[in-house]
Every structure is written in structure tokens, then in C-alpha cells.
Amino acid sequence: MLPDSSKITIINNAALVEQFLNEIIITPKHLLSTWARITNQTPAAKIGYIGQHLASLITGVKGTGSGARGDDLADGSEVKSCNKVDQADKCNDCGGRVLRFETKCSKCGSTDITRKDDSKWLFSVRSEDELNQYLQLNRVVLILMDYPRFYENNFNDVRISVFEIYPTENRMKVFGELISNHYRNIYRPKADNGQKTNPMNLHPWSFQFYKCNPIKTFECIISDIDNTAKIGITKFIDPTAERDSRMETEPMPTSLLKKGEWETLLNTADFNSIKPLLVHQETAKEALIKMSTEDKAKELPFINEELRNLIPLRDIVSVTQATQYHRT
């Protein structure tokens, strides 16, 4: 997985990314937030095209000027963006819409609010040709904007992460399995019966996401984004660096595993591969097996690529997952 260096023509990437974030994300967000308090409209900005700009700066590869048609990047990469920031929330009493900066419902005054965190990446595939295009992609670049402390109701800090998936590589073959399953077992039967169809949803931080073995190539935290806004880049992989086995994929939180998946993991894996990942490395295999699912996850909080490859891909259905893990 070596990026095409002939297509990497943007340099000084980290500095350009920081300038871009200041001018295109932070400043407009300040203006939109101000106007949102006047208009009572959401301050969220569409991230699709902004994500393509950001993908070019981080990968060093220019776009093709195709907009929604054609290749997103000159090397044939597909760019998908997901924005969890400033989603519209819901009042649990009257069902009214609540804006992210509001502490109570403007319709009924209730403070019983469900904060939404369900945005995802969408992959539309409506024909065998489109399916084959996805399966033959050299690279998928996933852009994510979210709140690293969402479950603390902290909406001051925003995280921007970029992940890469290489569908033709064996270590990332699950992406192809997911999209093939969606097309053949979900989309095609519905389309053939004249039913409503939907794109394939890939939720950030879901079981399916981690099974794709994504590589994180960029991460930054914009702290206090609506006020002083300070950018801190915490990860930046050089655009020319080879994405080989030495570059680790995202560790999967074991809180996502079901009971049967724990059994598969512990019955299949060499325990010597598990021991270094235990909180207490003196914990014996027999003791770990006897623990509750919750205690297992506390003792073995994350599993690496080698271990999660032992767990089969779940049957996919086209509904939003009930529980999502949110990395901090």
C-alpha cells in the first residue's frame, strides 16, 4: 500500500491543514453560530466538499475538479465525509428540534434532550458496475468530525480524524465484503421489488468499521472551537509513507463484542497474543473465560488487528446500530 508519489503534489501539508481549518472551518463556524442564535437554524455546515479539500491537503493529492462525479482525488481515491458536529437534537417531551447550543427545548422548555450522534459515512451502490468500482478502488479516505467528549456533554472541543482503507488489500478485504453484501442482499432485493432503497451505512466506531482495519493518518483536536479555538495536531502520517503491516490499524474496543464473539476469540487465539494486551498480565486464560462480558472488556479493553481478524463478520442489516462505542 504505497501511495502514488507521482500524484502527491501538495507539500507543506501540516501547515496548510492548520491554515485551512482556521479559514474554512473555525471562522465560518463562529459566524454560523452567531447567526444561528438569531435565525434559530442549525449552525452545521455541509462537510462533503470541505472534506475533499481536507483529503487533498492530508494526502498531498489534488482533486480532479469533478464535484460529485468522477474521481475525488487524482490518484483515484474515494473520499467520504461524516460530520457529527452541530447535529440537530431532539426534545424527549414534545419531539421538537433542539439546536446543539440550546440547553432546553425552545418549544416546551424541557431539559430532557436526546443529543444526536448518529451521522455516518454513506456508500451508494446501485449496479454491478458501481460495485466493481468500489471493489477495485485503490484507496478510500474517510473524514470524520466529531466531539471526543460527546458523552460528557462537552461540545466545546472538536476532533477531526482521517482514516484510509485499501479495498484491494487482503488485510482490508472486509470493506469489499460489506459493500458486496449490502448490494446483493439488501439493495438488490429491495430494488427488484420496487421498495425504497438506502445507501450502505458505515458508522464510525462500529464493529464493522474496525473490521475494515482502517489506518488513521491524521487527527487533530480543535479545543474551545466556539471561542478561542486552538488547533492541536496529534497525528500526521507523511503522505509518501508506505501503508504496510508496520503501520498499525485502529485498535478495536472489546466493549463492542457480543458473548459468542468473546467465545470465538478466547477459544481460537493463542493466549500469548492476548496477554500483552491485558490490564493485568498475570490474569490466566481460565480466569478471563469465567469473567462476565463486562469484566472481560475491562481486563482486555482493546484487541489488535491480528485478534479481531479471528472474529467473523456479522450478518449486516440496514438499520442504525442500537449502541455505539465512542473513542476518547
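In this text the structure is predicted, and so the values were computed from the model without any measurement. Each chain has its residues counted from 1, following the order in which its sequence is written. Where totals are concerned, whole chains, interfaces and linings use all residues; where local detail is concerned, this predicted model gives features only for residues with pLDDT of at least 70, and gives and counts side-chain atom pairs only at 80 or more. The basis for the side-chain values is all heavy atoms of the structure; hydrogens and waters are excluded.

**Considering the environment of L73**
Tracing the backbone shows L73 in the loop between α2 (48-59) and β1 (78-83). Assessed through its relative accessible area of 0%, L73 is described here as buried. Each C-alpha atom, one on L73 and one on F236, is 19 Å from the other, the two residues being 163 residues apart in sequence. Only heavy atoms enter the contact rule, under which two residues are in contact if any of them lie within 4.5 Å. Not counting the four nearest positions on each side in its chain, L73 is found in contact with Q52, S56, T59, V61, K62, G63, T64, V79, R139 and V141. Only DSSP runs of H or I reaching four residues or more are called helices, and only runs of E reaching two or more are called strands; each is numbered from the N terminus. Exposure classes here rest on a 1.4 Å probe applied to the protein chains alone. A residue is buried below 20% of its type maximum, exposed above 50%, and partly exposed in between.

**Quick notes on the nonpolar core**
Only buried residues count toward a nonpolar core. Its members are Ala, Val, Leu, Ile, Met, Phe, Trp, Tyr and Cys residues joined through side-chain atoms within 4.5 Å. Judged by nonpolar contacts, the single largest core of 47 residues is most densely connected at W121, F123, L142, L265 and I274. Ranked by the residues each element gives to this core, the list is headed by helix α4 (residues 174-192), at six residues. Setting aside residues up to four positions removed in sequence, F123 forms contacts with K80, Y134, V140, L142, F175, I179, P199, M200 and L202. By size, the runner-up hydrophobic cluster in this structure holds 31 residues, among which are I8, I10, V79 and F218.

**Points about the pattern of salt bridges**
Each salt bridge in this description consists of a side-chain nitrogen of Lys or Arg and a carboxyl oxygen of Asp or Glu lying within 4 Å of one another. For the structure on display, the rule yields 20 salt bridges. Between R139 and D75 there is a salt bridge, with its nearest N and O atoms 2.7 Å apart. You can see R139 sitting in the loop between α3 (128-135) and β6 (140-146) and its partner D75 sitting in the loop between α2 and β1, a full 64 residues away along the chain. Accessibility expressed as a relative area gives 2% for R139, which makes it buried. Of the charged contacts, one joins D146 and R159 as a salt bridge, the two residues approaching to 3.0 Å between their closest N and O atoms. You can see D146 sitting in strand β6 and its partner R159 sitting in strand β7 (residues 158-165), a full 13 residues away along the chain. Neither D146 nor R159 differs from the other in exposure class; each is buried. Bridged by salt links that share partners, the residues D75, R139, E164 and R243 form one connected network.

**Focus: the sheet that holds strand β10 (residues 230-236)**
A pair of strands is considered paired only if DSSP assigns at least 2 bridges between the two. Reading across from one edge, β1-β6-β7-β9-β10 is the order of the five strands in this open sheet, with mixed pairing throughout. Every other strand in the sheet has two partners, leaving β1 and β10 as the edge strands with one partner each. Each adjacent strand pair in this sheet contributes to an overall mean axis angle of 15 degrees, direction not counted. In the sheet, β7 pairs with strand β9 (residues 215-223) via seven bridges, with the strands oriented antiparallel. Pairing of V162 across the sheet is with F218, part of β9. Every angle, taken between N-to-C directions, lies between 0 and 180 degrees, and every axis is a line fitted to C-alpha atoms, over only the stretch in contact when it is a helix.

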